[in-house]
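Reading the structure
Here is how the chains run, residue by residue.
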Amino acid sequence: MSDKANSRELIDLRRIRGKLDRLRGRKYWRSLEELAETEEFKSFLQREFPENASEWTDPVGRRNFLRLMGASLALAGLGACTKQPLEKIVPYVKQPEELIPGRPLFYATASRLGGYGQGILVESHMGRPTKIEGNPDHPASLGATSAQVQAAILGLYDPDRSQVVRKTGRISTWDTFLQELGGPLQTQKAGGGGGLRILTETVTSPTLGALLAELLQQFPQARWHQWRAAGRDSVRQGARRAFGRFVETRYDLSRAEVIVSLGADFLFSGPGSLRYARDFAAGRRVHGGDGEMNRLYVVEATPTVTGSMADHRLAAQAGELEGLARSLAAELGVAVQGGGQSAHESWIRSVARDSSGRGGRCVVIAGEEAPAAVHALAHACNARLGAVGTTIHYTEPVEAQPTVELESLRRLSDDMQAGRVEVLLILGGNPVYDAPADLEFSEELDKVALRVHLSLYEDETSARCHWHIPAAHDLESWGDARAFDGTTSILQPLIQPLYGGKTDLEVVAALLGRPGARSYDLVREHWQQRTPGGDFDQLWRRSIHDGVVAGTQAAPVTVALQADWDSGPSEPPSSGLEVIFRADPAIGQGELSNNGWLQELPKPFTKLTWDNAVLMSPATAEDLHLTTGDRVVLSLGERRVEGPAWIIPGQADGTLCLHLGFGRTHAGRVGNRVGFNAYPLRTSDGLWHASGVQISRSGSGYRFASTQSHFAVQVEASSEAERRHLVREGTLENYRSHPEFVHEMGHEFPEDFTLYPPWEYSGYAWGMAIDLGACTGCNACVVACQSENNIPVVGKEQVILGREMHWIRVDGYFKGELDNPEFVHQPLPCQHCENAPCEVVCPVAATTHSPEGLNEMTYNRCVGTRYCSNNCPYKVRRFNFILYQDWETSSLELMRNPDVTVRSRGVMEKCSYCVQRINAARIDAKVAKRKIRDGEVRTACQAVCPSQAIVFGDINDPASQVSQWKADPLNYGILTELNTKPRTTYLARLRNPNPEISSE
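A short tour of the structure in this document, coming up. These figures come from a predicted structure and were not determined experimentally.

The subject of this paragraph is the packing of aromatic side chains. Tallied over the entire structure, the rule returns 21 aromatic pairs. Within the aromatic cluster, the residues linked to one another by ring pairs are W478, Y520, F536 and W540. Taking the ring centre of Y433 as reference, the NZ or CZ of R664 above it sits at 5.1 Å. One cation-aromatic arrangement involves R903 over Y859; the distance from NZ or CZ to the ring centre is 5.6 Å.

Here it is in structure tokens:
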């Protein structure tokens, strides 16, 4: 959308459809603006540096700049001056023996994002954590992490975190809180605790669960409630409906030949998503050999990461999902009520035939947002297919107290309304902001006599409570957490609490009469009591060192479908538009709203930053006479929400998608007032889907900060034969019969067709290869690179000007028809060209070629001519027009990687292949008098990738993995017709379509 506030540039979707229908051959496109050839897209395409080079485009922008600067914005990216402040350094009086300057230490711990444990290794420089990696020994991560876990480093040092205990908004102390809590607790104890309630998020911590159980023994009439806005209630309800009890469902996708997703984004969201992405990608790889490839079918209402990887994707309304699941079950031979009637009967029949007869090497996965009936149907399908015990396993629940959290929160709300709650302790979460609107939680909360909230921020819930207690960050805490398979990790702190925060363990211990108890002692005592015999100290040390407690996986269970598991079809949805709610792919349900890295992270399909939108399909937009940037009002009964519209190809017609987590009022100076709040439209009867929504246009000209058209590479040519194919893909059948098809899609030059003198690489020659068939577009690599290389964020206004600073971007491409396209993701770091166009034009030799083939930048030599960026055909160089780094906030100084220069204003910067990691490995190899081993150097983007889509190494070593990938027939370079000879190459994406569906 244009950044001109009052413009309304209508896109002729009918003309676009006609244009796509007339095309012959492959056609990839990044946005509707590209297809419509809007003036904005042409501007971004033709000019490397957009107009409006001034720091602020208008007075409102200037005021926004000053507001962000007041937040000391490395968090939202803008600084005030170009002179770096003086710093004093103080040497050790006596340096600790284990600390060697320049040699970071790694500590195993875990992240509890979403309540479930995810094993991580945290890099510590001189006692300060600076970077997060995945723990390769942890079953939920296998060495990978998500973008959200990567960004936890920024959350740790966030200066907006709560720093003091407050009573009704005034600064107080922990001791004062304990003194004032003593009287009400004694009163509750005398009455059995009938007026005491505890509200937590999803708890998988064995120690916290045990402490809360002990608390309920001391206060037998008290109640423990749980609530998480993006919880897994449907998963639990589906298991209870199918089997009569709660069980955990775990998938083994490494053994699956056919995977059917019923609204499940299992490659991106959920406690097991990292493991599932790894196993799924392994089943897609056939390069370097014959092999077999799994096949993925996806039914979904809005484009997801998992849907983008599908061989066959069906865009269907959320209200149709149960009917489709019943039709699939009926085709598989499951006795269901109301099955076999579907508008997509032929598609479903083909999926059922493809899944049957595979000896259980298939699986049906229901999405966490799908109704409980769909989960029960999925369980029945898997039982019928024989998948139980092969690709699907059932275990005991991993939560400390399995419950349907909506039912739990409703009981708490009813008790507050009836005046039965006298003391309420809220441990984490933000129910005033994210509870279902019809429960009117904030109004009922005001009726409680004593309200206490423990949280990282003074958020919306803290504002309605008498006492606010600052919480310790996971990287400051001792604790424990269970993963999706039950494996337990011990959390160990990497740093003393920066702001004196308390853990949930310490708060509950205080209620138990142990106000001075430390989290370390509580966790250790818990595990010591549950370790019969043996050397506990040895077990404790090993568990902390490894990051996992051996033998703690959840126990397997044998379950069978109940006789009455199917209660018949649900009531059909009402006609008209439906609305679906989804956690934002970056900031989640709102708990990460104040994280600038995540706010500026482009979303997988829209590439939106600093915003959410009302997503709708092109056909729906045509019917409603709306275009991207129009302001619309959504009404559902008496409830209303206003937000801007965004047209997204691949969305189900008649479905509007709202992402949660925005519109905060007490998030912090970065997250406040960003986007619009969708929670007022979300009720307990429609947590994820509601029908009968009304929509009306209220204005136009909303300014989005989307990067979809930024750094667009000119790929048009006078004929199809000359077209530059940045993305190359084919089918498995094509590859087996004609493996050379990849290279027939581009042009190659003879080796001697160059003016550059030849260079002999006698030592190392570093290179990278990226597998487009494995890349899911999850964006973890973008945040990992940002954390590793001290890359700032710039804020919404600067993104609108095209000035985002990410060193690696993930380009998203659509292919095919407008309403149901295919998707491809292509990560694009610096290509480190052999014949680098950027090097020859730099007047001060700031960008040069290393003896090992790296395209290097010397920052203190750069004078900012930007010739190199203008001459780069890949558009991968970034120029910091303003001092985006925050030099003022002391906590943020601790966050930065000391091995990477922190750039000032007026410097060109780009991907360096993590040269600091190469040099660290070089030192180790030199000391050991050996060569650097293959795999010893792992770039930040490579290390974080859940699907192992990136490899890096020495291409002079024919046995290295990167050399093997580059020797594969699928390997190709982009824009090689320019004879740049990029060191970063790609493996073409292969799809495995069902011929039965493809021929229809």
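Next comes the rest of the write-up.
Okay, the environment of P271 next. Residue placement: P271 occurs in the loop between β10 (258-262) and α10 (273-282). When the C-alpha positions of P271 and D485 are compared, they lie 9.1 Å apart, and in sequence the two are 214 residues distant. When residues no more than four places from it in sequence are discounted, the contact partners of P271 are Y116, A140, R232, E368 and F484.

Among the structural elements, R664 can be located in the loop between β25 (655-660) and β26 (689-699). Looking at R664, the relative accessible area reads 6%, which means it is buried. Of note is the side chain of R664, whose polar atom sits 2.9 Å from the side chain of E460. Of the polar contacts made by the side chain of R664, one reaches the backbone oxygen of H666; its length is 3.4 Å. The contact partners of R664, leaving out residues within four places of it in the chain, are N430, Y433, D459, E460, G590, S593, G671, N672 and R673.

On to helix α9 (residues 233-243). Counting buried residues in α9 gives eight out of 11 residues, a clear majority hidden from the surface. Taken residue by residue, α9 has D233, S234, V235, R236, G238, A239, A242 and F243 as its buried positions. Each element contacted by the buried residues of α9 is listed here: α14 (372-385), β14 (392-395) and α15 (405-417). G244 sits one or two residues past α9 and shows a positive phi near 80°.

This paragraph deals with the pattern of salt bridges. Any two side chains of opposite charge can pair, on the condition that their charged atoms come close. Scanning the entire structure with this criterion turns up 52 salt bridges. The salt bridge involving D279 is made with R275; its shortest N-O contact spans 3.3 Å. Of this pair, D279 and R275 are both found in helix α10, four residues apart, which corresponds to roughly one turn of the helix. With a shortest N-O distance of 3.0 Å, R991 and E729 are connected by a salt bridge. Taken as a pair, R991 in strand β39 (residues 989-991) and E729 in strand β28 (residues 729-731) lie far apart in primary sequence, 262 residues in all. Neither R991 nor E729 differs from the other in exposure class; each is buried. Through salt bridges with shared partners, a single ionic network connects E257, R295, D354, R358 and R361.

Thresholds applied
Residues numbered from 1 in each chain as written. Predicted model: local features only at pLDDT ≥ 70, side-chain atom pairs only at ≥ 80, totals over all residues. Heavy atoms only, no water. Phe/Tyr/Trp six-rings, centres within 6.5 Å; stacked < 30°, edge-to-face > 60°. Lys NZ or Arg CZ within 6 Å of the ring centre and 35° of its normal. Helix = DSSP H or I, 4+ residues; strand = E, 2+ residues; numbered from the N terminus. Contact = heavy atoms within 4.5 Å. Buried < 20%, exposed > 50% of the residue type's maximum accessible area, 1.4 Å probe, protein only. Polar contact = N/O pair within 3.5 Å; in protein donor to acceptor, adjacent residues only side chain to side chain. Salt bridge = Lys/Arg side-chain N within 4 Å of Asp/Glu carboxyl O.

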